[in-house]
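# Breakdown of the fold
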Amino acid sequence: MRFIDSHTEGEPTRVIIAEGPDLGSGPLTDRLARFASGFDHYRRAAMLEPRGAESLVGALLCEPDHPQCAAAVIFFNNTGYLKMCGHGTIGLAVTLAHMGRLETGIASIQSPVGIVNVELLSPNEAAVENVQSYRYRKNVEVDVEGVGTLQGDIAWGGNWFFLVNWSPAPLTPANIPELSRCARLIRRELERQNITGANAEEIDHIEFFGPPAAADAHSRNFVYCPGGAFDRSPCGTGTSAKLACLAADGKLAAGDVWIQESIIGSRFRASYRIGESGAIIPRIVGTAFICAEGRLIQQQGDPFRNGIVLSEET
Ligand code: PYC
């Protein structure tokens, strides 16, 4: 598999640009289903150690089946497939620019959950106009053993999030193990109590909020991702979910800028407009930088050619 790695505000994206799985043609959602059912070893090889890492998000560059789109993408990580990915879309835009396939200006990218627009502002800066985002439930109370009773909002920003306006420890890098531990317990409890997003969809991202370190930022977050990693960026879909909650509470007006800081201090500049259905359409601006390009090699006889999969027996 030929790849280009980048990072968006610290969060890595590995774009598979060639020699990936042959998923055939047809709607992108069908191709995603084929990827998951018949070609998942490609995902594991690219994402798991020894070729990948927990923090990586993968992006398979695909042919769009929509004439208006410049490219299509399927996102995945160390445990499965992501519906959408904001930092990954910024990383993809900068990668396409690096490949000479995207020029400064606006282009449409197809994702399994809809078409998003990206505006390449410079070779290393892009804005994503994300899918329509909304708050699904407000102030959902959960009692989590080892954490306490807390309230959170459930919102869609391209993935499902449980957003808690509180954090079990100050949002500093030193507390990442404790923040991750509590987020994991909350996610398990949501699952146990069958608390879901719309259409019974799993809430697979947990987001804590606290005060920012920078005087001009509005908030700092910690985002716990489905595979157990934390987002080094402020999370594009997580920031979209946050905007949906702020808009629903009347705390941020359309067009106003919200600066969301990540746990490592990197930031997205976010704003929204109102879409036709009344839901918000978030715009997330961030920078991405190319880190590496190369080819993943899987030699015959390598017991870990498709990644290290830990099991009880390992
Ligand atoms: O930026 O949307 C995002 C994202 C999702 C998971 C990791 N990053």
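Note that the coordinates shown come from a computational prediction; the quantities given were computed from them, not determined experimentally.

### Remarks on helix H4 (residues 176-192)
- Between its first and last C-alpha, H4 extends 24 Å over 17 residues, near the 24 Å set by a 1.5 Å rise per residue.
- Ile176, Leu179, Ser180, Cys182, Ala183, Ile186, Arg187, Glu189 and Leu190 are the residues of H4 that are buried.
- Against strand E9 (134-144), strand E10 (148-156), strand E11 (160-164), strand E12 (205-210) and strand E13 (219-224) lie the buried residues of H4.
- Asn194 occupies a position one or two residues after H4 and carries a positive phi of about 60°.

### Quick notes on the site of the ligand
- Near the ligand, the surroundings consist of Glu11, Cys85, Gly86, His87, His205, Asp231, Cys235, Gly236 and Thr237.
- Between the ligand and Asp231, the relevant distance is 2.8 Å, taken from a nitrogen atom to a side-chain nitrogen or oxygen of the residue.
- Thr237 places a side-chain nitrogen or oxygen 2.7 Å from an oxygen atom of the ligand.
- Within the complex, 99% of the 240 Å² of free accessible area of the ligand lies under protein.
- Sorting the residues of the shell around the ligand by element identifies helix H3 (86-98) and helix H5 (236-248) as the ones contributing at least two each.
- A class-by-class count of the residues in the shell around the ligand yields two nonpolar, five polar and two charged.

### Considerations on the nonpolar core
- Grouped together as the largest cluster of nonpolar side chains are 61 residues, with contacts concentrated most on Phe162, Phe208, Phe222 and Leu243.
- At six residues, H4 tops the list of elements feeding residues into this core.
- Residues in contact with Leu243, not counting those within four places in the same chain, are Leu252, Trp258, Ala270, Ser271, Tyr272, Ile280, Pro282 and Ile284.
- Leu32, Cys62, Ala72 and Leu296 belong to the second-largest nonpolar core, a separate cluster that totals 17 residues.

### With respect to the environment of Ile264
- With respect to the helices and strands, the residue Ile264 is situated in the loop between strand E14 (258-261) and strand E15 (267-274).
- Apart from residues no more than four positions distant in its own chain, Ile264 is found in contact with Glu9, Gly10 and Arg232.

### A word on a nonpolar patch on the surface
- Side chains of Phe304, Ile308 and Leu310 sit close together on the surface and give an oily, nonpolar patch of about 290 Å² of accessible area.
- Structurally, the position occupied by Leu310 is in the segment after strand E16 (280-295).

### Considerations on the pairing of strand E8 (residues 125-129)
- For E8, the tally of buried residues reaches four of five residues, placing the bulk of the element in the interior.
- Pairing of strand E7 (residues 114-122) with E8, which is carried by five bridges, proceeds in the antiparallel orientation. Across the sheet, Leu120 pairs through a bridge with Ala126, a residue of E8.
- Counted between consecutive antiparallel strands, the loop separating E7 from E8 contains two residues.
- Two elements, E8 and E16, share five bridges in a ladder whose sense is antiparallel. Paired with Ala126 across the two strands is Gly286, which belongs to E16.

### Some remarks on the domain arrangement of the protein chain
- Entries for the protein chain in the domain assignment read domain 1 (2-131 + 291-295) and domain 2 (134-274).
- Taken together, the contact between domain 1 and domain 2 spans 21 residues of the former and 24 residues of the latter.
- When the buried surface of domain 1 facing domain 2 is broken down by residue, Glu9, Glu11 and Lys83 rank first, second and third, together holding 33% of it.
- Linking domain 1 with domain 2 are three salt bridges, by the criterion used here.
- A salt bridge links Lys83 to Glu201, with the shortest nitrogen-to-oxygen separation between them at 3.6 Å.

Reading guide: rules and limits
Residues numbered from 1 in each chain as written. Predicted model: local features only at pLDDT ≥ 70, side-chain atom pairs only at ≥ 80, totals over all residues. Heavy atoms only, no water. Helix = DSSP H or I, 4+ residues; strand = E, 2+ residues; numbered from the N terminus. Expected span 1.5 Å × (residues − 1). Buried < 20%, exposed > 50% of the residue type's maximum accessible area, 1.4 Å probe, protein only. Contact = heavy atoms within 4.5 Å. Near = heavy atom within 4 Å. Polar contact = N/O pair within 3.5 Å; in protein donor to acceptor, adjacent residues only side chain to side chain. Areas by Shrake-Rupley, 256 points an atom, 1.4 Å probe, with all protein chains shown as cover. Nonpolar A, V, L, I, M, F, W, Y, C, P; charged D, E, K, R; others polar. Core = buried A, V, L, I, M, F, W, Y, C linked by side-chain atoms within 4.5 Å. Patch = residues over 30% accessible without salt bridge, like charges linked within 9 Å, V, L, I, M, F, W, Y side chains within 5 Å. Salt bridge = Lys/Arg side-chain N within 4 Å of Asp/Glu carboxyl O. Pairing = 2+ DSSP bridges. Domains from an automatic or database assignment. Buried area = accessible area lost by both parts, 1.4 Å probe.

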